[in-house]
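This is what each chain is made of:
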Amino acid sequence: MRLEKWITIIFLLSIVAFLVPAIASDHSVAATHDTEHVSTHGAGHASAETGHGNVHASAESHGHRDEGHGGGHGDHINLGEVLPLWSCIPFACMLFSIALFPLLAPKFWHHHFGKVSAFWAACIGIPFVIAYKSVAVHEILHIILADYVPFIVLLWALFTISGGIVLKGTLRGTPIVNTIIILIGTVLASWMGTTGAAMLLIRPFLKANDYRKNKTFMVVFFIFLVANIGGSLTPLGDPPLFLGFLHGVSFFWTMKIMPHMLVTAGILLTIYFILDTYHYKKEGLTSAPVEEGKKEPLKLVGLHNFIFLGGVVGSVLISGIVDWGEVNTLGIHRAVQDWARDGFLILMGTLSLLTTSKMIYEDNEFSWFPIIEVAYLFIGIFVTMVPCLLILKAGLKGELGFLIAAVKEPVHYFWVTGTLSGFLDNAPTYLTFFNTALGAFYPGMPEAQAVPLLMTETSIYLKAISAGAVFFGAFSYIGNAPNFMVRSIAEEGGTSMPSFFGYILKYSLVFLLPTFVVVTLIFF
Amino acid sequence: MEFKKILFPTKFRELAFNSLESILELKKAGLKEIVLTYIIPRDEVGFVPYGGYMKDEEERLREQTRIRFEDWQEAIAAEGIESKIRIEVGNPIPKLLRIAEEEKVDLIIAGRKKRTMLGKVYVGSHTLELIRRSTVPILVSKYMVRFEWEGEQITRVNDRLFTAPLLATDWSEPSEKALKLVSSFKEIADKVMVTHIIGVKISKGLDKSELNRIEKESKERLEKYCDRLKKDGINAEPHLFSGQSAPEIIRVAREHKASMIVMGTTGKDRFKEFWLGSVSHRVTESSELPVLLVP
């Protein structure tokens, strides 16, 4: 059977499957209530009245001050309690598409990932809207405006600004120099994003090690530390933490991950240094290699972009401190400072583009393609994850109550969030378990009240989720977006990289797994 | 000044080989080597979302391109011209400019846009960027084009580029360089039409005597250009017109059956050029003839 037919069948089945129980549920509810309130966000001080027939959507959402993500209140029916478990299937399919297509059909995936993303989004989006009308529209709009837009805007700004900085000059990749480069990248990652730090340093790192025979392990450790673990200290560092910030986790709370990060980075950097020294000696490179041509002094070009980077840090920080009220956009209440932050980030990125020489982007081999890919894929991820998040927020009353009941201890959160983050993208995984924790500890409580409690009285759980999502992002190529960018650049430059399973078997299981066991023993 | 070494980048669009064949007659004008170049756009093989890099695909494309180029090389060798192949991965425009610099080429050949709608432009944004940034002359070849003239649709094959070039001069330094290049076409050009357009901006508001002075001065300069070409053994004829520069050049080239247009590009006002386009760029975009631009 042709692919198109399969796509059509899956799509039609998803509509039918969604509509039948929704209509049944609608009838039973209509029999008891003349006017039904379907509460998806709990109580709020502003209601988006979107009455269609006899359904009201008492909904409120305003960025990280959203008080609505909770659950049922009074007579309101919580959508998360009525949604079936299989409404999470498109989300799972979306994530498995990201995991499996690059392995099984890379060429198809490379040219059609946008369509795949749109397909899974439509599979859930269309029947969801047909079944739950304005409530579903509100939910989808909410996740797009409150989560997806700021998420993509931040990634775009960091990607653009860091693309305008280039490290030039002659570096000789000795074990000490390499360890220092990775260390600098690890520190920078929390402030310019794992993607930004990785893109800034990977080409100079590879160039410095041009003369080395075995470069594979170097790139792998670069992915471990610069593209993942280094980004664990601020919401700017790694996308999952920014999603946490958008949902109310304060900017500096993330610094509480520092002990976990220091232990992990310390162990891995030490292992790296030993490995590099071993290979350096094995390759007979104890003396400095003969320089071909003139030695160029090291210099950072496009330094003014650090001002824009400062602007990004400042605007994100300020948006978490000030309260400038709210604004209603398409029925979604968002804090003014959140819109202002997004606008400022766009301004920073635009100014960077306008003031940076084209030659710098060319020296960086800059391409918009990776960020466009992320934008296409994440719209699919965010739309398909709507039912899943609602069910999780419903706590034990939702169809995923068994998961909430099973994941109890911090160690569970660390390993379950981590393991899934390693094989599915870590941003949606973080949000899933963030909501699992909210559902488990504060079911029905508005997010604005629950998140501060999660940051204080049950902070060990949030630490476990945060560390798990960020650290385990390094576990496979698909754990975090910069992993595949670094791999792509390394392979293009002629560095042979392990296969998907080779990476896990030869590196993640050997180096990361024992390190995470140590982290577990110490902290969880 | 002659074209000894040419960079011939291609995307293997239809008639690319014919376009290559059409420049082989430059052998008589001193051509010694052609660098056949194909740039595999990085986005075609790299940054597979969550996948990385398709090394196999790169190898396949390289092999496929090499086989095609080897076939082309036979045709080039048959004309007694040397050739080499360069296949690289990257961002096409900067990569081409870098290769042009490394190979020290004298000319870059650029193709026309993939599809040309009637009344639309013949060159795309990539070619324009290449023109803007190149420090070596660029020939926009346009092997086969369709255009509308006096209500009729005409298909034109530009296979004999160098027989009757129209040199459009504005007396600038690049125009002077263009004249020197045209001088090397002695063996391949039947005649050269040296043309100058007194632009509207210059003639606007001037009294008749001043206009006469400019006209006289322009004629004298045109004669001098022609004399220099004649001295090099090339038949040359002067043409002086006034009006909107770009449309006039296109009209004159069409009416006098020019085989190509040769122009200098000053790049004086980059801001204005970015928004409005220079005369040379507008001619390149709109003329159905191949255009040789000399920076």
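Cut-off values and rules
- Residues numbered from 1 in each chain as written.
- Chains lettered and ligands numbered in written order.
- Predicted model: local features only at pLDDT ≥ 70, side-chain atom pairs only at ≥ 80, totals over all residues.
- Helix = DSSP H or I, 4+ residues; strand = E, 2+ residues; numbered from the N terminus.
- Buried ≥ 20, exposed ≤ 12 C-beta atoms within 10 Å, placed from the backbone.
- Contact = placed C-beta atoms within 7 Å.
- Axes fitted to C-alpha atoms, helices over the stretch in contact; angles between N-to-C directions.
- Parallel < 35°, antiparallel > 145°, perpendicular 65-115°, else oblique.
- Left-handed = near helix turned anticlockwise from the far one by under 90°.
- Nonpolar A, V, L, I, M, F, W, Y, C, P; charged D, E, K, R; others polar.
- Domains from an automatic or database assignment.
- Arc of directions from axis to C-beta.
- Pairing = 2+ DSSP bridges.
- Right-handed = clockwise from strand over helix to strand, strands pointing away.
- Core = buried A, V, L, I, M, F, W, Y, C linked by C-beta atoms within 7 Å.
- pLDDT = per-residue confidence, 0-100.
- Expected span 1.5 Å × (residues − 1).
- Bend = angle between axes of the 7 residues up to and from the residue.

Novice: Quick question: what am I supposed to make of the overall build of chain B here?
Specialist: Looking only at helices and strands, chain B has 11 helices and 12 strands in total. Seen through its principal axes, chain B has C-alpha atoms that stretch 70 × 40 × 40 Å. Looking at chain B as a whole, 40% of its 295 residues qualify as buried. Of the contacts formed within chain B by residues at least 6 apart in sequence, a portion of 78% connects residues at least 24 apart.

Novice: Quick question: what am I supposed to make of the overall build of chain A here?
Specialist: Broken down by element type, chain A carries 19 helices and 7 strands. A separation of at least 24 residues holds for 81% of the contacts in chain A among residues at least 6 apart in sequence.

Novice: Would you explain the packing of helix α5 (residues 175-208) of chain A against helix α18 (residues 481-492) of chain A in this entry?
Specialist: All names here are of chain A. Their axes nearest at 10 Å, the elements α5 and α18 cross at an angle of 15°. Between α5 and α18, the crossing angle belongs to the class labelled roughly parallel. For the pair α5 and α18, the sense of crossing is right-handed. Taking contact as the criterion, the partners of T194, T195, A198, M199, I202, R203 and L206 in α5 are, on α18, A481, P482, M485, V486, I489 and A490. Its residues assigned to classes, the contact of α5 with α18 comprises 10 nonpolar, 2 polar and 1 charged.

Novice: Please clarify how the domain arrangement of chain B should be interpreted in this entry.
Specialist: A common way to report how large an interface is uses the accessible area buried once the components associate. Residue and element names in this part refer to chain B. Each assigned domain of chain B is listed with its residue range as follows: domain 1 (1-110) and domain 2 (149-295). Taking only C-alpha atoms into account, the centre of domain 1 sits 29 Å from that of domain 2. Taken together, the contacts link 8 residues of domain 1 with 10 residues of domain 2. Looking at the side of domain 1 that touches domain 2, its residues break down into 3 nonpolar, 2 polar and 3 charged.

Novice: Can you help me understand the interface of chain B and chain A in this one?
Specialist: Taken together, the contact pairs 17 residues of chain B with 23 residues of chain A. Breaking the side of chain B that touches chain A down by element, the ones donating at least two residues are α2 (42-45), α3 (55-78) and β3 (82-90) of chain B. Here the side of chain B that touches chain A is composed, by residue class, of 8 nonpolar, 5 polar and 4 charged.

Novice: Sorry, what's going on with helix α1 (residues 16-23) of chain B here?
Specialist: Because the α-helix completes a turn every 3.6 residues, residues three or four places apart line up on one side. All names here are of chain B. Regarding α1, the residues found buried are S19, L20, S22 and I23. Summarising the axial view, the buried residues of α1 lie within an arc of 160°, below the 170-degree limit, and thus occupy one face. Residues of α1 that are buried sit in contact with β1 (5-9), α3 and β4 (107-110).

Novice: Can you walk me through the sheet that holds β4(B) in this structure?
Specialist: Two modes of strand pairing occur in sheets, parallel and antiparallel, and in both the strands are linked by backbone hydrogen bonds. Residue and element names in this part refer to chain B. The 10 strands lie next to each other as β3-β2-β1-β4-β5-β12-β11-β8-β9-β10, forming an open sheet whose pairing is mixed. Whereas interior strands pair on both sides, the edge strands pair on one side only; in this sheet they are β3 and β10 (236-243). Sheet twist, expressed as the average angle between the axes of neighbouring strands with direction ignored, equals 20°. Two strands pair when backbone bridges link them, and strand β8 (residues 165-168) and strand β9 (residues 192-199) are joined in this way by 3 bridges, in the parallel orientation. Paired with L166 across the strands is M193, a residue of β9. Helix α8 (residues 208-231) rests against β9 and β10 of the sheet, and its axis sits at about 155° to β10.

Novice: How should the pairing of β9(B) be read in this particular structure?
Specialist: The side chains of a regular strand alternate, first on one face of the sheet and then on the other. Residues and elements named next belong to chain B. Counting buried residues along β9, 6 of its 8 residues qualify, which places the element largely inside the surrounding structure. As for the winding sense of the linkage, the β-α-β connection from β8 through helix α6 (residues 173-183) to β9 is right-handed. Relative to β10, β9 runs parallel, the two sharing 8 bridges. What sits directly across from H196, in β10, is L240.

Novice: Sorry if this is basic, but what is going on with the nonpolar core here?
Specialist: Core analysis: the biggest nonpolar cluster contains 152 residues, and F222(A), V312(A), A437(A), I465(A) and V486(A) have the highest contact counts within it. The dominant element in this core, judged by the number of residues it contributes, is helix α4 (residues 106-163) of chain A, at 23 residues. Setting aside anything within four residues of it in sequence, one finds V312(A) in contact with A157(A), L158(A), I161(A), L236(A), L345(A) and M348(A). Counting 68 residues, the second largest nonpolar core, distinct from the first, contains L107(B), L179(B), C226(B) and L229(B).

Novice: What's the story with the environment of E409(A) in this structure? I'm lost.
Specialist: All names here are of chain A. The residue E409 is located in the loop between α13 (401-406) and α14 (410-423) in this model. Residue class for E409 comes out exposed when judged on the 12 C-beta atoms lying within 10 Å of it. Put simply, E409 and I460 are 51 residues apart on the chain and 9.4 Å apart in space, counted from C-alpha to C-alpha.

Novice: I'm lost on the packing of helix α7 (residues 239-246) of chain A against helix α15 (residues 426-441) of chain A in this one. Help?
Specialist: When two helices pack together, their arrangement is captured by the angle between the axes and the distance separating the axes. Residues and elements named next belong to chain A. With their axes 7 Å apart at the nearest point, α7 and α15 run at an angle of 40° to one another. The angle between α7 and α15 falls in the class oblique. Our pair here, α7 against α15, has a crossing hand that is right-handed. Between α7, through P239, P240, L243 and G244, and α15, the contact on the second element is made entirely by N426, A427, Y430, L431 and F434. Its residues assigned to classes, the contact of α7 with α15 comprises 7 nonpolar, 2 polar and no charged.

Novice: Any chance you could explain the environment of R251(B) here in plain terms?
Specialist: Residues and elements named next belong to chain B. Its location among the elements puts R251 in helix α9 (residues 245-255). The class for R251 is partly exposed, based on 15 C-beta atoms found within 10 Å. With 242 residues separating them in the primary sequence, R251 and P9 have C-alpha atoms 30 Å apart.

Novice: What am I meant to see in the pairing of strand β7 (residues 152-157) of chain B here?
Specialist: All names here are of chain B. Burial within β7 is sparse, with just 0 of its 6 residues counted as buried. The pairing of strand β6 (residues 144-149) with β7 spans 6 bridges and is classified as antiparallel. Following the sheet pairing, V145 is matched in β7 by R156. Hairpin connection between β6 and β7: a loop of 2 residues separates the two successive antiparallel strands, and E150 in this loop has a positive phi of roughly 50°.

Novice: Just to check I follow, could you spell out the confidence of the model for chain A for this structure?
Specialist: Fine structural detail should not be taken from predicted coordinates in areas where pLDDT scores are low. Residues and elements named next belong to chain A. Put simply, chain A has an average pLDDT of 83, and 83% of its residues get 70 or more. Taken element by element, chain A is modelled with least confidence in strand β2 (residues 55-57), mean pLDDT 36, and with most confidence in helix α6 (residues 216-225), mean pLDDT 96. Taken together, the stretch residues 24-75 has pLDDT below 50 and engages in 132 contacts with residues farther than four places along the chain or on a different chain.

Novice: Would you take a moment to explain α4(A) for this structure?
Specialist: Relative to the 86 Å expected for 58 residues at 1.5 Å per residue, α4(A) spans just 26 Å between its end C-alpha atoms, considerably shorter than the ideal helical length. Along α4(A), the sharpest kink reaches roughly 130°, centred on Y132(A).

Novice: Is there a simple way to explain the confidence of the model for chain B in this structure?
Specialist: For chain B, per-residue confidence averages 88 on the pLDDT scale, and residues scoring 70 or more make up 94% of the total. For this predicted complex, the interface confidence score (ipTM) comes to 0.74, while the overall pTM stands at 0.78.

Novice: Teacher, can you tell me more about the environment of W149(B) here?
Specialist: All names here are of chain B. Structurally, W149 is set in strand β6. For the pair W149 and R254, spaced 105 residues apart in the sequence, the C-alpha separation amounts to 9.6 Å. Apart from the residues lying within four places of it in its own chain, the contact partners of W149 are I154 and R254.

Novice: I tried to follow unusual backbone geometry on my own but got confused; where do I start?
Specialist: Excluding glycine, residues mostly carry a negative phi; peptide bonds, for their part, are mostly trans. All names here are of chain B. Its identity as a non-glycine residue notwithstanding, L15 has a phi of 70°, on the positive side. Summarising the element assignment, L15 is placed in the loop between β1 and α1. Residue L15 is classed as partly exposed on the basis of its C-beta count, with 17 C-beta atoms lying within 10 Å. For K142, which is not a glycine, the phi torsion comes out positive at approximately 50°. Tracing the sequence through the fold places K142 in the loop between β5 (138-140) and β6.

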